[in-house]
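Residue-level structure breakdown
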Amino acid sequence: MISSPRTWIFALFAALLAALPGAARATGTLRLEFRAEEKGAAEITRLDWLVSGLALQRKDGSWTEGRDWFGYLSAREGRLQVDADGVLAEDFRAIRFRVGVDAAADQGDPARWPAEHALNPTVNHLHWGWQGGYVFMAVEGRSVGTGFSYHLAGAAKPMVVELPVEFRGGGPVTIRVALDAAKVLAGVDPARDGIATHSRPGDALAVRLKQNAASAFSVAGVHYDLLQTAPALKKTATRPAGTTPFALAITQRFPQVNLPADNPLTVEGVELGRRLFHDPRLSINATQSCASCHDRANAFADPRKFSAGAEGQLGKRNAMPLFNLAWAQSFFWDGRAKSLREQVLMPIQDSHEMNERLDRVVAKLAVDAAYPAEFERAFGHREITPERLAMALEQFLLTLISQESRFDRAARKRAEMTEEEKRGLQLFVTEFDPARGLRGADCFHCHGGTLFTDNLFHDNGLALDETDLGRMAATGLASDRGKFKAPSLRNLAVTAPYMHDGRFATIEEVVEHYDSGVRRNANLDPNLAKHPEAGLQLTADEKRALAAFLKTLTDETFTHADPATPPLVFRATTTDVR
């Protein structure tokens, strides 16, 4: 469940700027506060949607509509508000908004949106990836023993909500809007009508659900209140004197991202972090470095099922690969670290890994002939502290960008995929829904987009180890038991073994698991729970094709680079960036 009791509150601020003469120049903030109630028999585990095109109706019946107004709401993620000001001091009698986006935004380049924008794919997790277009509303859950995954999309038939409500602008005002989640599913029986929608031409269930969703909103009240001040935009810290900016280049096909504002990348900081990453003195007995368990040839993963610690102690989980970390919101298989800077210090202190104290690490580095001067070049101070140690490692790890696989070159028309690989891609991005003539591998829900991960946590139907609670170990929530972070599928061919415990040795074994090995349990992801007990029933040729496509995601320029230098991959002036 998303919460208990089954009531979720999320807020949305809307700004409308209009040019009216005379006294109607005072402006205020309008908050639409949505209260969603689940009263039906179905158990909803995901209720996310996009909104756009907010308009206000004046007393004379005319409408004023804001430009470039978008919002993203997520009960699952607890996303509560988007801030903006500008509602004019007039009397209004109705509001109108679209659930979803218009055709221009839907078919436009998703990589153009700033890192924190509602339409940035890494913010909303509602973009179809290379297929194009957004999911306007995602409703997922379980009903009578089966999972369902209803994704409503398509700007050709938008969900427009118009609600009568009298209020006056010019000051802070909140309009409470109720969303009856049961109405969205009214009259729909997954066992009878289907366990998935795709919003493709002829998808009658998607049309019905869109109609339901548009009529599921109602005004619950108006409240005039004061709002919290919107947080100031991040300001990047000044680079230490004498340092050189690091020219990190990222393909335009990747979503925009925010790098740490208080730790700007510099050539000196990255080089210091690279040296620390390869220094065994970070371990208790100077036998193990970070690179000992994160080999560049394996995309900074470990080819062993479990890594051995500095003193021979065996780890508890498979070491995750290290690349494209700038887009992650949490780290480790269970997400217990909330930032990369927090994460890098944990293995040093972990009794199963390097098993060293930070004060001892600092003391060892301080007596080194070179490190004090290197810290001074990177941070302007010779003093070595755990914080600066973490900042240097963070800088180095943020440069590990993997973006130049054969799949990427094919996307830029610089390489060609085989027919088998193309068939595998088709299976990867196609939902499994035989009732509607769709036979796919259904991979894109968790591994879609150009990053090939949603960076979220899922129960993917593995037989559970009673000693490993997964995400629950970090959150304490029973609903997170057995959930682990979805890793990127980039460089998959060189990051074996697979899963959090390294149980699968080959890509083919992984494909076999998702085809017929998924085990049902209380927390199984709805996108897997909606599949039949017999599984996907892919043919041998389809399994080979899927595995062949996955192997096109290997980035040889990343894994074969000189280990003594951080990978740059592209410079900003390179014509191949797109």
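Along each chain, numbering runs from 1 in the same order as the chain's sequence is written. Per-residue local features are limited, in this predicted model, to residues with pLDDT of at least 70; the limit for side-chain atom pairs, both in listing and counting, is 80 or more; totals at the level of whole chains, interfaces and linings are taken over all residues. Excluding hydrogens and water, the side-chain figures rest on all heavy atoms present in the structure.

1. Considering the overall build of the protein
How we decide: Segments assigned H or I by DSSP are reported as helices when at least four residues long, segments assigned E as strands when at least two residues long, and all are numbered from the N terminus. Buried, partly exposed and exposed residues are distinguished by accessible area as a fraction of the type maximum, computed with a 1.4 Å probe on protein chains only: under 20%, between the cut-offs, and over 50%, respectively. Residue contacts are counted whenever heavy atoms from the two residues lie within 4.5 Å of one another. Surface accessibility follows the Shrake-Rupley procedure with a 1.4 Å probe radius. Residue values consider only the protein chains on display as shielding.
Secondary structure assignment for the protein yields 19 helices and 16 strands. For the protein, with 578 residues in total, the buried portion stands at 55%. When contacts within the protein are restricted to residue pairs at least 6 apart in sequence, those whose partners lie at least 24 apart make up 73%. Only carbon and sulfur atoms are counted for the fraction: they give 53% of the accessible area of the protein, which is about 24500 Å².

2. A closer look at the nonpolar core
As a reminder of what qualifies: Within this scheme, the nonpolar core is defined by two criteria: the residues are buried Ala, Val, Leu, Ile, Met, Phe, Trp, Tyr or Cys, and they are joined through side-chain atoms within 4.5 Å.
With 89 residues, the main nonpolar core has W49, F97, F217, F428 and L550 as its most contacted residues. With 7 residues, strand β4 (residues 43-58) is the single largest residue contributor to this core. Counting residues in each nonpolar core, the second largest holds 47 residues, with L276, A337, L397 and F558 among its members.

3. Here's the deal with the environment of A103
In this structure, A103 sits in helix α1 (residues 103-107). Under the relative-accessibility criterion, A103 is labelled partly exposed at 47%.

4. Observations concerning empty space enclosed by the protein
In plain terms, the rule: Here the term cavity refers to a set of points on a 1 Å grid, laid over the protein atoms alone, in which a 1.4 Å probe fits but cannot get out; the term pocket refers to an open set having protein on both sides within 12 Å along at least five of seven lines, with lining residues being those that place an atom within 4 Å of a point. Grid points are joined across faces, edges and corners, and a volume is the space filled by probe spheres set on the points. Put simply, Ala, Val, Leu, Ile, Met, Phe, Trp, Tyr, Cys and Pro go in the nonpolar bin, Asp, Glu, Lys and Arg in the charged bin, and everything else, Gly too, in the polar bin.
Tallying each qualifying case throughout the model produces 4 cavities of 30 Å³ or more. As a volume, the largest cavity reaches approximately 700 Å³. Contributing to the lining of the largest cavity are 41 residues, with H447, L489, M499, V510 and Y514 lying nearest its centre. The set of elements that each furnish at least two residues to the lining of the largest cavity consists of α14 (444-447), β16 (484-485), α16 (507-517), α17 (526-529) and α18 (540-550). Split by residue class, the lining of the largest cavity holds 26 nonpolar, 10 polar and 5 charged. Empty space within the second largest cavity amounts to approximately 100 Å³. Ranked by the residues each element gives to the lining of the second largest cavity, the list is headed by α16, at 5 residues. Here the lining of the second largest cavity is built from residues that sort into 4 nonpolar, 5 polar and 3 charged.

5. Quick word on the environment of A220
In this structure, A220 sits in strand β14 (residues 217-224). Exposure remark for A220: the relative accessible area of 55% places this residue in the exposed category. Residues A220 and L179, spaced 41 residues apart in sequence, show a C-alpha to C-alpha distance of 9.6 Å. Discounting residues that sit within four places of it in the chain, A220 has contacts with R176 and V177.

6. Regarding the packing of helix α13 (residues 419-428) against α18
Let me state the cut-off plainly: A fitted line through C-alpha atoms serves as each axis, taken over the contacting stretch for helices, and the angle formed by two N-to-C directions is quoted from 0 to 180°. Under this scheme an angle from 65 to 115 degrees is roughly perpendicular, one under 35 degrees roughly parallel, and one over 145 degrees roughly antiparallel; angles in between are oblique.
With their axes 7 Å apart at the nearest point, α13 and α18 run at an angle of 95 degrees to one another. In terms of their interaxial angle, α13 and α18 are classed as roughly perpendicular. Between α13 and α18, the residues in contact are E420, E421, R423, G424, L425, L427 and F428 and E542, R544, A545, L546, A548, F549 and L550, respectively.

7. Points about the packing of aromatic side chains
Rule in force here: Note on ring pairs: Phe, Tyr and Trp rings are taken, using the six-membered ring of Trp, and paired if centres are within 6.5 Å. Classes follow the plane angle, with under 30 degrees stacked, over 60 edge-to-face and the rest tilted. Distance and angle both matter: a charge sits over a ring if NZ of Lys or CZ of Arg is within 6 Å of the ring centre and within 35 degrees of the ring normal.
Applying the stated criterion across every chain yields a total of 18 aromatic pairs. Taken together, a centroid distance of 5.7 Å and an interplanar angle of 65 degrees make the contact between F70 and W113 edge-to-face. A residue pair is termed long-range when its members are at least 10 positions apart, and F70 in strand β6 (residues 70-74) and W113 in the loop between α1 and α2 (121-124) qualify at 43 residues. Across the pair, W113 and F70 agree in class, each one buried. Considering the side-chain rings of F323 and F558, the 6.0 Å spacing of their centres and the 75 degrees angle between planes classify their relative orientation as edge-to-face. In this pair, F323 is assigned in the loop between α6 (267-277) and α7 (340-343) and F558 in helix α19 (residues 556-559), connecting sequence segments 235 residues apart. The class of F323 is buried, set by a relative accessible area of 6%. An aromatic cluster is present here, built from F277, F300, F323, F396 and F558 joined pairwise through their rings. A cation over a ring is seen here: R275 above Y371, with NZ or CZ 4.0 Å from the ring centre. Sitting above the plane of the F331 ring, K485 keeps its charged end 5.3 Å from the centroid.

8. Describing the side chain of Q288
Using the following cut-off: In protein, a polar contact means a hydrogen-donor-capable atom and an acceptor-capable atom, both N or O and within 3.5 Å, with residues adjacent in sequence counting only if both atoms are side-chain atoms; elsewhere, any N or O pair within 3.5 Å suffices.
Looking at the secondary structure, you find Q288 in the loop between α6 and α7. Exposure remark for Q288: the relative accessible area of 6% places this residue in the buried category. Engagement of the side chain of Q288 in a polar contact is seen with the backbone nitrogen of A310, the distance being 3.2 Å. With near-sequence residues (within four places) excluded, Q288 lies in contact with D279, P280, S283, C293, A308, G309, A310, E353 and M354.

9. Re the side chain of D302
Inspection of the secondary structure puts D302 in the loop between α6 and α7. Only 2.8 Å separates the side chain of D302 from the side chain of R304, close enough to count as a polar contact. There is a polar contact of 2.5 Å between the side chain of D302 and the side chain of S307. Beyond its immediate sequence surroundings of up to four residues, D302 is in contact with S292, C293, S307, N318, A319, A496 and P497.

10. A short note on the confidence of the model for the protein
Threshold: pLDDT expresses, on a scale from 0 to 100, how confident the predictor is about each individual residue.
Residues with a pLDDT of 70 or more make up 88% of the protein, whose mean pLDDT is 86. Note on residues 1-25: pLDDT is under 50 here. Beyond four places in sequence and across chains, it has 100 contacts. Low confidence marks residues 226-235, where pLDDT is under 50. Its contacts with residues over four positions away, or in another chain, come to 11 contacts.

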